[in-house]
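Report on the structure
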Amino acid sequence: MSTRHTNDWFVPVRCVGDIATLQTGRLPDGLHVGIAFSSLDQLRAASGAQDFMRVSEDALHDMLEQVGIVRIQLDPTLVAVPVRGAVAS
């Protein structure tokens, strides 16, 4: 029995012209993950005004597996762009 959801998810994307790329993340242990939200309200709460597309879980898994990502983080509480040039103290 599959544990995948049948509803569409709201997936943050970065758009340049007519091209949209999925936004992915990285867990503290370094693992790359896909990012998805169960509602538009959840996405807005985590990332503010963010471009998005609606995608089924199966389709999202298919897209992410092509780039070696097998885990999806559903409803993360914060989506932030990595800080460049930050120095750890």
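Chains are numbered independently. Their residues run from 1 in the order of the written sequence. Predicted model: local features are reported for residues with pLDDT of at least 70 only, side-chain atom pairs are reported and counted for 80 or more only, and whole-chain, interface and lining totals are derived from all residues. Excluding hydrogens and water, the side-chain values take into account all heavy atoms of the structure.

So, the sheet that holds strand 5 (residues 52-56)
Reading across from one edge, 2-1-5 is the order of the three strands in this open sheet, with antiparallel pairing throughout. Either end of the sheet is taken by a strand with one partner, and the two such strands are strand 2 (19-22) and strand 5. In this sheet, neighbouring strand axes are inclined to one another by 50° on average, regardless of whether the strands run parallel or antiparallel. When DSSP finds at least two bridges between two strands, those strands are taken to pair. Secondary structure is summarised from DSSP: a helix means a run of H or I of at least four residues, a strand means a run of E of at least two, and numbering begins at the N terminus for each. Bridge count for strand 1 (residues 8-16) against strand 5 is five bridges, and the pairing is antiparallel. Between the N-to-C directions of two axes lies an angle of 0 to 180 degrees, each axis being a line fitted to C-alpha atoms and, for a helix, fitted only over the stretch in contact.

Remarks on the nonpolar core
Among the buried residues, those of types Ala, Val, Leu, Ile, Met, Phe, Trp, Tyr and Cys that are joined through side-chain atoms within 4.5 Å form a nonpolar core. Throughout this description, buried means an accessible area under 20% of the type-specific maximum (1.4 Å probe, protein chains only), exposed means over 50%, and partly exposed covers the range between. Counting residues in hydrophobic clusters, the biggest one holds eight residues: Trp-9, Val-11, Ala-36, Val-55, Leu-60, Leu-64, Ile-69 and Ile-72. Of all the secondary structure elements, the ones that give two or more residues to this core are strand 1 and helix 2 (57-65). Contact criterion: two residues are considered in contact whenever any of their non-hydrogen atoms come within 4.5 Å of each other. If sequence neighbours within four positions are ignored, Ile-72 has contacts with Trp-9, Gly-34, Ala-36, Leu-60, His-61 and Leu-64. The next biggest cluster of nonpolar side chains, apart from the first, holds five residues, and it includes Phe-10, Phe-37, Leu-43 and Ala-46.

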